[in-house]
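Okay, here's what each chain looks like letter by letter:
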Amino acid sequence: MITISDVKKVFKTKTGSLTAVDKVNLKIKEGEIFGVIGYSGAGKSTLIRMLNGLEQPSEGKVDINGKLISSIKGGDLRKARQKISMIFQHFNLLWSRTVSENISFPLEIAGVPKQERQKRVNELIELVGLEGRGDAYPAQLSGGQKQRVGIARALANDPEVLLCDEATSALDPQTTDSILELLVDINKRLGLTIVLITHEMHVIRKICHRVAVMEGGKVVELGDVLEVFKQPKEQITKRFVQQVTEPEETRETIEQLINEYQDGRVIKLSFVGESAEQPVITNLIRSFDLQVNILQGKISQTQNGAYGSLFIHLHGKQDELDRAIDFLEAASVGVEVITHD
Amino acid sequence: MIEQIFPNVEWPVMWEATYETIYMTLISVVITFILGIALGLLLFLTSKGNLWENKIVYAVTTAVVNIFRSIPFIILIVLLIPFTRALLGTIRGADAALPALIIGAAPFYARMVEIALREIDKGVIEAARSMGAKVSTIVFKVLIPESMPALISGITVTAIALVGYTAMAGVIGAGGLGNLAFLDGFQRSRDDVTLAATIIILIIVFIIQFIGDFFTNRLDKR
């Protein structure tokens with residue numbers, strides 16, 4: 001569907017040249033929700049802008065459905081862009097137009113006759129849940145509603161690909177979730193391929209199938225979201241995963257707990273996929289003569305299954321403790337005994 | 001009552017002059033609006049980082065705009081006498097004032113247009129590009145509508161300046177209220193004529209400001 005091969009983008013600045021994207025290779029499948037995560041300056045914005053030709057790569061090729069986006073120009077590029085829509089962090093709506101007129105804009109560009117436009121606009125307003133707001137101006141809408149208009153506008157010409165440029169970064173957490181649900185919904189209903197960039201692991205966890213982690217213009221890690229959550233390899237990925245699985249204060253709390261519970265063991269259990277749904281703790285308590293104390297835990301849903309971590313304290317005889325740890329390991333649960341470091 | 005305050009004013013002459021002032025202002029405002037937007041768009045589009053980025057075109061346009069904006073209007077009229085004569089065959093009358101009025105005001109307005117266009121969120125232009133819009137579509141459906149309130153308030157300021165210019169043009173024979181106030185009022189020491197002409201000019205300015213504000217507020221949906 002989308003093939004990015006050896007893409008490099010160099011910007012000339014006053015002080016020299018800056019390599020924003022460095023030899024990136026990616027293949028994105030049809031109907032997939034693909035996430036690119038990275039801190040600001042990692043090159044993800046530049047990368048996504050090369051997918052619709054807003055930026056031209058300095059080297060390499062971008063191919064979308066057989067069209068070489070990186071080399072077509074003029075009318076061909078404009079035509080191709082009608083099938084590669086984009087939504088933006090700051091929505092980028094025309095304030096001089098109503099909701100309906102904003103959604104109608106890409107249809108005007110595509111030369112759709114007026115009557116058909118009207119019909120399509122009404123369908124789209126319904127699809128994104130903005131019934132009755134068609135005559136409102138963007139200034140009268142909330143952030144979430146504005147992004148819904150952005151999404152409706154992006155879907156107007158039946159695109160094959162939807163590019164999301166930090167689409168939820170300007171929204172509050174609750175609104176973010178409702179916009180993400182809408183994206184998953186249209187991905188399923190329309191079979192639309194979605195490429196999104198973000199700096200929030202939460203967004204990746206919630207809706208993406210696969211994720212690429214970018215740092216310094218390079219893709220440093222790539223894989224299924226659940227796999228990446230289970231075994232993050234790079235330091236930067238571990239930090240992103242922690243954003244979701246471990247609350248800020250966890251480290252300190254655990255330190256404190258280890259000091260508090262001098263005897264027994266503090267154990268961190270990592271659950272991935274199906275193991276997250278097994279009654280591991282119940283089995284543990286039933287099978288072993290141990291006191292089990294749950295200290296802290298969090299389970300997160302991803303598109304491919306659940307992921308979570310749980311901190312427990314086990315107290316009992318030494319050999320019983322060892323057998324319990326073996327049991328946990330056998331139950332396909334990640335086990336990490338936490339000690340004083 | 002009115003005869004006592006304005007004993008020397010010949011009203012039919014005053015109305016004729018008012019008509020000439022309004023005529024000169026109206027025609028020059030309309031042409032300045034179109035020409036100024038065209039020039040302003042050229043300045044904006046060819047400036048750094050924009051759709052038609054072109055250093056040479058931008059530098060030349062900027063130079064022309066700055067030169068015509070810097071020449072004092074009264075001198076511009078004199079400089080343009082040969083041009084006006086070649087164009088219209090005369091340098092007297094309201095029509096003869098139009099070239100100088102337009103050439104004086106359009107560059108001034110073009111700068112305001114450029115500033116108005118720069119105020120547009122770059123993201124909106126990017127969004128239009130991402131939808132596959134042509135430059136002409138971006139100009140007519142994004143740039144102009146999105147900056148319309150600023151374009152209107154800019155042309156209001158320019159129109160008021162033009163009323164002042166018509167008075168100056170009047171001094172060298174273009175007719176209108178400025179001409180009447182100068183020849184009939186000042187030179188013949190009839191202060192009441194000058195006063196009446198001034199009051200009418202003020203009323204014209206107030207009306208222009210009112211219309212401009214009305215449309216600016218009406219169009220601004222932000």
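Residues numbered from 1 in each chain as written. Chains lettered and ligands numbered in written order. Predicted model: local features only at pLDDT ≥ 70, side-chain atom pairs only at ≥ 80, totals over all residues.

1. Overview of helix 8 (residues 135–174) of chain B
Residues and elements named next belong to chain B. Taking 1.5 Å of rise per residue, 40 residues should cover 58 Å, yet helix 8 covers just 41 Å from first to last C-alpha, more than 12% shy of that figure. Considering bend angle alone, the principal kink of helix 8 is centred on methionine 148 and spans about 65°; proline proline 149 follows within four residues of it. Glycine 175 lies just past helix 8 and shows a positive phi near 80°. (Helix = DSSP H or I, 4+ residues; strand = E, 2+ residues; numbered from the N terminus. Expected span 1.5 Å × (residues − 1). Bend = angle between axes of the 7 residues up to and from the residue.)

2. Observations concerning the sheet that holds strand 11 (residues 265–272) of chain A
Residues and elements named next belong to chain A. Pairing within the open sheet is antiparallel, and its four strands lie in the order 12-13-11-14. The open sheet is flanked by strand 12 (291–302) and strand 14 (334–338), the only strands paired with a single partner. In this sheet, adjacent strand axes meet at a mean angle of 15° when their direction is disregarded. When strand 11 meets strand 13 (residues 305–315), the two strands line up antiparallel, connected through eight bridges. Across the sheet, isoleucine 267 pairs through a bridge with isoleucine 312, a residue of strand 13. (Pairing = 2+ DSSP bridges. Axes fitted to C-alpha atoms, helices over the stretch in contact; angles between N-to-C directions.)

3. Some remarks on the interface of chain B and chain A
Contact with chain B, which involves 18 residues of that partner, is made by 18 residues of chain A. For the side of chain B that touches chain A, the secondary-structure elements that each account for two or more residues are helix 7 (122–130) and helix 8 of chain B. Among the elements that make up the side of chain B that touches chain A, the one with the highest residue count is helix 7 of chain B (six residues). (Contact = placed C-beta atoms within 7 Å.)

4. Observations regarding the sheet that holds strand 7 (residues 161–165) of chain A
Residues and elements named next belong to chain A. As summarised here, the arrangement of the six strands in space is 6-7-8-3-9-10, forming an open sheet in which the pairing is mixed. The open sheet has two edge strands, strand 6 (84–88) and strand 10 (218–224), and neither has a second partner. Sheet twist, expressed as the mean angle between neighbouring strand axes with direction ignored, is 15°. As paired strands, strand 6 and strand 7 are joined by five bridges and run parallel to one another.

5. Here we look at the UniProt feature "domain: ABC transmembrane type-1" (unreviewed entry) in chain B
Residues annotated in UniProt with the feature "domain: ABC transmembrane type-1" (unreviewed entry) correspond here to residues 18–212 of chain B. End-to-end, the C-alpha atoms of residues 18–212 of chain B are 20 Å apart, and along that stretch the chain is 86% helix and 0% strand. (UniProt positions renumbered as here; feature names shortened; annotations may be inferred.)

6. Comments concerning the packing of helix 11 (residues 280–287) of chain A against helix 12 (residues 318–330) of chain A
A pair of packed helices can be characterised by two numbers: the angle between their axes and the separation between those axes. All names here are of chain A. It is at 11 Å that the axes of helix 11 and helix 12 come closest, and there the two elements cross at 150°. When the axes of helix 11 and helix 12 are compared, the pair comes out roughly antiparallel. Where helix 11 crosses over helix 12, the handedness of that crossing is right-handed. Two secondary-structure elements touch here, helix 11 through Val280, Leu284 and Ser287 and helix 12 through Ala324, Phe327 and Leu328. (Parallel < 35°, antiparallel > 145°, perpendicular 65-115°, else oblique. Left-handed = near helix turned anticlockwise from the far one by under 90°.)

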